[in-house]
Amino acid sequence: MDFDLPEGAPAVREGVLAIAREYDQDYWGRCDADERWPEEVWRELVDGGWHSLAIPEEYGGGGQGLLELAVALEALAEGGAGGAASFMYLLTPAFGGLTIARHGTDEQKRELLPKIAAGEVETCFAITEPDAGSNAINISTLARRDGDSFLVSGQKIWISGVERADHLVLVARTVPAAEARPRTSGFTVLLVDVKRALADGTLTYQPIPKLGTNTVASSMVFLDGVRVPADRVIGEVDQGFAVLWDILNPERVLAAAGGVGSGGLTLRIACEYAAQRAPFGTPIGAHQAVAFPLARIKAQLELARLMTYKAAWLWDRGRPCGTEANIAKLTAADAAWQAADRAFQAHGGMAYSLEYPVARLFRDARIAKNIPVAEELVLAHIAQHELGLPRSY
């Protein structure tokens, strides 16, 4: 058993941390308040190749894997970005780069991966629907074959980054849920040219006002006869569930890495404040009521990091990692939330001031318990598949 990271991972961590340290909490706070993508950081990640780590070298990428992406995301979050880091590594590096590298056709790889590596193409992902929610089996967006194309109609919700994306990795039904046997069949993953569909008027979107993570917009997306060429299918028609798990599991791993990094950042901010704040003559961090909860969070973050790295390691080797990815996401999100809650308590009334970063970190940490999968569904998966308990649905 070897707990050393892959050879290139420490350099990845230091390279991304060096970028993150150039930007203070005021920068991230302004981006969030202005609802603005952190373009300066993104360009540095692109220029350094830190966003294309998992793209094969023959297409201009780093030739590494999900584990290195997780290390990079964790470093960016811990270095100052907090929750804003997650979408910077999910939208294009994971949803586009990882998915096409593993499941794209040779033609799709030759066309798109070099452009993703060069920062010329960005992507996003669409599966969630208003009526289906977390029950992906019941999505109703339908892709109907029409000659050498598919015509796609339906609605998606909470689609982040569509306003920036060149391509949308879309999960649709090519067999309606009521007719699919088994229920997991009849899914197809399509690569939608967003700008062309917008120009044709077949795709529109409407941003959703949000409590936090405002460095990227999340939108309702409406598809009304979007034409997608058949050569834009990722994987096989009707067999998209195999591709889907290779999107969802990395998503959970990277969300966990973001939680570990964000939790580490929040914990550091809380400890710095607790070590200095002395309203009664002694720093509040000297008191066990403040110190012990922070120490416990440190332990929780270290455990979450181990499971995150394990899940990424398994995925890179093509081994089953669903349970590990779920546990990583569950524990990292909870540790990040506990860190935010204790940082809020340690700062007292000042946590409510937008002059401090605690409010932003608090808002962003809370949603991580619900996305990309609610913790109740993770616990249901563990109960059924690991404990052998009967399913309730």
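Residues numbered from 1 in each chain as written. Predicted model: local features only at pLDDT ≥ 70, side-chain atom pairs only at ≥ 80, totals over all residues. Heavy atoms only, no water.

## Here's the deal with the overall build of the protein chain
Next up, step 1: Assigned secondary structure in the protein chain consists of 12 helices and 8 strands.
Next up, step 2: Against the compact-globule benchmark of 21 Å for 393 residues, the protein chain has a radius of gyration of 21 Å, which places it among compact chains.
Next up, step 3: C-alpha atoms of the protein chain, sized along the principal axes, occupy 80 × 50 × 45 Å.
Next up, step 4: Taking contacts inside the protein chain between residues at least 6 apart in sequence as the whole, the part at least 24 apart equals 72%. (Helix = DSSP H or I, 4+ residues; strand = E, 2+ residues; numbered from the N terminus. Rg over C-alpha atoms; globule rule 2.2 N^0.38 Å. Contact = heavy atoms within 4.5 Å.)

## Topic: helix α11 (residues 358-367)
Next up, step 1: For α11, the complete set of buried residues consists of V358, A359, R360, L361, D364 and A365.
Next up, step 2: Residues of α11 that are buried sit in contact with α2 (25-33), α4 (66-81), α5 (84-103), α8 (240-276) and α10 (322-347). (Buried < 20%, exposed > 50% of the residue type's maximum accessible area, 1.4 Å probe, protein only.)

## Brief notes about the nonpolar core
When a protein is soluble and globular, its nonpolar side chains tend to lie buried together.
Next up, step 1: Counting 97 residues, the largest nonpolar core has V16, V41, L45, L76, Y89, F125 and L168 as the members making the most contacts within it.
Next up, step 2: Among the elements that make up this core, the one with the highest residue count is α5 (12 residues).
Next up, step 3: Those residues within four positions of L76 in sequence are excluded, and the remaining contacts are V16, A20, V41, L45, A81, G82, A85, M88 and Y89.
Next up, step 4: In this structure, I284, V290, I297 and A351 belong to the second largest nonpolar core, which totals 13 residues. (Core = buried A, V, L, I, M, F, W, Y, C linked by side-chain atoms within 4.5 Å.)

## Quick word on the packing of aromatic side chains
Next up, step 1: Throughout the structure, instances matching the rule amount to 10 aromatic pairs.
Next up, step 2: Centroid distance W37 to W42: 5.8 Å. Interplanar angle 70 degrees. Geometry classified as edge-to-face.
Next up, step 3: Residue W37 is classed as buried on the basis of its relative accessible area, which comes to 9%.
Next up, step 4: Given the relative accessible area of 2%, W42 is considered buried.
Next up, step 5: Arranged with centres 5.1 Å apart and planes meeting at 45 degrees, the rings of F187 and F241 form a pair that is tilted. Residue F187 is located in strand β5 (residues 187-193), and its partner F241 is located in helix α8; the two are separated by 54 residues in the primary sequence. F241 matches F187 in its accessibility class, with the two residues each being buried.
Next up, step 6: In this arrangement the basic side chain of R102 is found over the ring face of W315, its NZ or CZ atom lying 3.5 Å from the centre.
Next up, step 7: Directly above the ring of W337 sits R366, whose terminal nitrogen or CZ lies 5.8 Å from the centroid. (Phe/Tyr/Trp six-rings, centres within 6.5 Å; stacked < 30°, edge-to-face > 60°. Lys NZ or Arg CZ within 6 Å of the ring centre and 35° of its normal.)

## So, the domain arrangement of the protein chain
Next up, step 1: Under the domain assignment, the protein chain is made up of domain 1 (9-122), domain 2 (124-239) and domain 3 (241-387).
Next up, step 2: Just the C-alpha atoms count here: the centres of domain 1 and domain 3 sit 20 Å apart.
Next up, step 3: In this assembly, 29 residues from domain 1 lie in contact with 27 residues from domain 3.
Next up, step 4: A buried area of about 2,400 Å², summed over both sides, lies between domain 1 and domain 3, and 64% of it is on carbon and sulfur atoms.
Next up, step 5: At the surface where domain 1 touches domain 3, the tally comes to 3 salt bridges.
Next up, step 6: In this structure, D32 and R363 form a salt bridge, with 2.9 Å as the shortest nitrogen-oxygen distance.
Next up, step 7: Taken together, the connections running from domain 1 to domain 3 amount to 14 residue pairs in polar contact (both at pLDDT 80 or more). (Domains from an automatic or database assignment. Buried area = accessible area lost by both parts, 1.4 Å probe. Salt bridge = Lys/Arg side-chain N within 4 Å of Asp/Glu carboxyl O. Polar contact = N/O pair within 3.5 Å; in protein donor to acceptor, adjacent residues only side chain to side chain.)

## Structural notes on the UniProt feature "domain: Acyl-CoA oxidase/dehydrogenase middle" (unreviewed entry) in the protein chain
Next up, step 1: Residues annotated in UniProt with the feature "domain: Acyl-CoA oxidase/dehydrogenase middle" (unreviewed entry) correspond here to residues 124-226.
Next up, step 2: With 7% helix and 47% strand, the stretch residues 124-226 has end C-alpha atoms that lie 16 Å from each other. (UniProt positions renumbered as here; feature names shortened; annotations may be inferred.)

## With respect to the pattern of salt bridges
Next up, step 1: All chains considered together, the criterion is met by 16 salt bridges.
Next up, step 2: A salt bridge links R164 to E39; its shortest N-O distance comes to 3.1 Å. Here E39 lies in helix α3 (residues 39-47) and R164 lies in the loop between β3 (149-160) and β4 (167-173), a separation of 125 residues in the sequence.
Next up, step 3: Overall, R164 belongs to the partly exposed group, its relative accessible area being 21%.
Next up, step 4: Residue class for E39 comes out partly exposed when judged on its relative accessible area of 28%.
Next up, step 5: A salt bridge links R305 to E74, with the nearest nitrogen and oxygen atoms 2.8 Å apart. With R305 in helix α9 (residues 288-316) and E74 in helix α4, this residue pair connects regions lying 231 residues apart in the sequence. E74 carries the same exposure label as R305, and that label is buried.

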